[in-house]
Amino acid sequence: MMRKVDEVEFISQLIDMHTIIVLRNEQGAAELNGDDFFVSVSDQWLTIYHKNIDRKESRSHIHLRRGQYIYAEVTEDAEYTPFIAFWTKKDKSDAVGADKHCGFAIYFPPFYNWHKNRKTVIAQNQQFYQAWVTQYGRQFEIIRGPLLPRTN
C-alpha cells in the first residue's frame, strides 16, 4: 500500500535519522553526512542545512525545488544500507547516470561499520530499519503540503 506523505514533514523525519543525503545528476553526486540537519522552507525551495551555524549559506547544503519529487520508495541492495529513493516520475524515467540511480536519496543509519577494512554489523540500526519499514511502509506518494512559516 502506498502512503501519502507531506514532502517537508517526510524529509524532516528522514534527516532526523542521522543519515547520508545524496543528490545526483549526470555529472556526479553530492553527499551530506551527519546528524545535524534541519529543513528550511520557502514557497519554491526546501533546503537542507546544517544546524548550529552563523550563516546558513556558510556550510554545505542542498536546495530542492518544492513539488518536484512525487514518489519515493525504500530501496534495498544486498550487503548495503537501504535508502529512500526519491523520483520526479513514478516510472523512474528520471534516473541518472550509467547505473540509473535516483536523483535524490536519503539513507537509513548505516548497517555496517567498516573499520580497517573489516565489516561488522550494526544490529541496532538494522533493527531500527525493520521497525521503521513495518510502521511506515515502503512506497510513498509525496504531496506538496501548505506553505508553513519559514523556518530557521
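This report concerns the structure included in the present document.

Rules used in this analysis
Residues numbered from 1 in each chain as written. Predicted model: local features only at pLDDT ≥ 70, side-chain atom pairs only at ≥ 80, totals over all residues. Heavy atoms only, no water. Helix = DSSP H or I, 4+ residues; strand = E, 2+ residues; numbered from the N terminus. Contact = heavy atoms within 4.5 Å. Core = buried A, V, L, I, M, F, W, Y, C linked by side-chain atoms within 4.5 Å. Buried < 20%, exposed > 50% of the residue type's maximum accessible area, 1.4 Å probe, protein only. Pairing = 2+ DSSP bridges. Axes fitted to C-alpha atoms, helices over the stretch in contact; angles between N-to-C directions. Polar contact = N/O pair within 3.5 Å; in protein donor to acceptor, adjacent residues only side chain to side chain. Lys, Arg positive; Asp, Glu negative; His and termini not counted. Salt bridge = Lys/Arg side-chain N within 4 Å of Asp/Glu carboxyl O.

**Topic: unusual backbone geometry**
- In this model, His 18 sits at a positive phi of 65°, which is unusual for a non-glycine residue.
- Phi is positive for Lys 100, close to 55°, though the residue is something other than glycine.

**Structural notes on the environment of Ser 60**
- Examined against the element boundaries, Ser 60 turns out to sit in the loop between strand 5 (45-50) and strand 6 (62-65).
- Note: C-alpha distance between Ser 60 and Tyr 49 (11 residues apart in sequence) is 7.2 Å.
- Not counting residues up to four positions away in its chain, the partners in contact with Ser 60 are Leu 32 and His 50.

**Points about the nonpolar core**
- The biggest cluster of nonpolar side chains holds 31 residues, and the ones touching the most others in it are Ile 11, Ile 48, Ile 84 and Phe 86.
- Considering each element in turn, this core owes the most residues, 5 residues, to helix 1 (residues 7-15).
- In this view, Phe 86 contacts Phe 10, Ile 11, Leu 14, Tyr 69, Tyr 71, Ala 72, Cys 102, Gly 103, Phe 104, Ala 105, Ile 106 and Ile 142; residues no more than four positions away in its chain are not counted.
- Counting 9 residues, the second-largest nonpolar core is a separate cluster that includes Val 22, Tyr 71, Phe 83 and Ala 95.

**Let's talk about the sheet that holds strand 8 (residues 83-87)**
- With respect to topology, 7 strands assemble into an open sheet ordered 1-12-7-8-9-2-3, the strand pairing being mixed. Of all the strands in the sheet, just strand 1 (2-6) and strand 3 (28-34) have a single pairing partner and so form its edges. Sheet twist, expressed as the mean angle between neighbouring strand axes with direction ignored, is 25°.
- As judged from the 5 bridges shared by strand 1 and strand 12 (residues 139-143), these two strands associate in the parallel manner. In the sheet register, Met 2 faces strand 12, and the bridge partner there is Gln 139.
- Strand contacts of helix 1: strand 1, strand 2 (19-25), strand 7 (71-75), strand 8, strand 9 (104-107) and strand 12, with the helix running at about 95° to strand 1, the strand carrying the most contacts.
- The strands touched by helix 2 (residues 123-136) within the sheet are strand 1, strand 7, strand 8 and strand 12, with strand 7 carrying the most contacts at an inclination of about 145°.

**A few points about the sheet that holds strand 4 (residues 37-41)**
- Strands sit in the order 4-5-6 across an open sheet of 3 strands; the sheet is antiparallel. The outermost strands of the open sheet, each flanked by one partner alone, are strand 4 and strand 6. Going across the sheet, the axis of each strand differs from the next one's by a mean of 20°, ignoring polarity.
- With 5 bridges connecting them, strand 4 and strand 5 associate as antiparallel partners. Bridging across to strand 5, Val 39 finds its partner in Ile 48.
- Relative to strand 4, helix 1 is tilted by about 165°, and along the sheet it contacts strand 4, strand 5 and strand 6.

**Digging into the side chain of Asp 36**
- In this structure, Asp 36 sits in the loop between strand 3 and strand 4.
- A distance of 2.9 Å separates the side chain of Asp 36 from the side chain of His 50, its partner in a polar contact.
- Each residue touching Asp 36, except ones within four places of it in the same chain, is listed here: Tyr 49, His 50, Lys 51 and Arg 59.

**Section: the side chain of Asp 6**
- With respect to the helices, strands and loops of the structure, Asp 6 is situated in strand 1.
- Summary of buried charges: Asp 6 has no salt-bridge partner, and the nearest side chain of opposite charge, Arg 66, is 5.5 Å away.
- Separated by 3.0 Å, the side chain of Asp 6 and the backbone nitrogen of Glu 9 make a polar contact.

**Structural notes on the environment of Phe 128**
- Examined against the element boundaries, Phe 128 turns out to sit in helix 2.
- Given the relative accessible area of 35%, Phe 128 is considered partly exposed.
- Once the C-alpha coordinates of Phe 128 and Thr 47 are considered, the two residues, 81 residues apart in sequence, prove to be 26 Å apart.
- Discounting residues that sit within four places of it in the chain, Phe 128 has contacts with Met 17, Phe 108 and Pro 109.

By themselves, these observations are geometric and do not establish any function.
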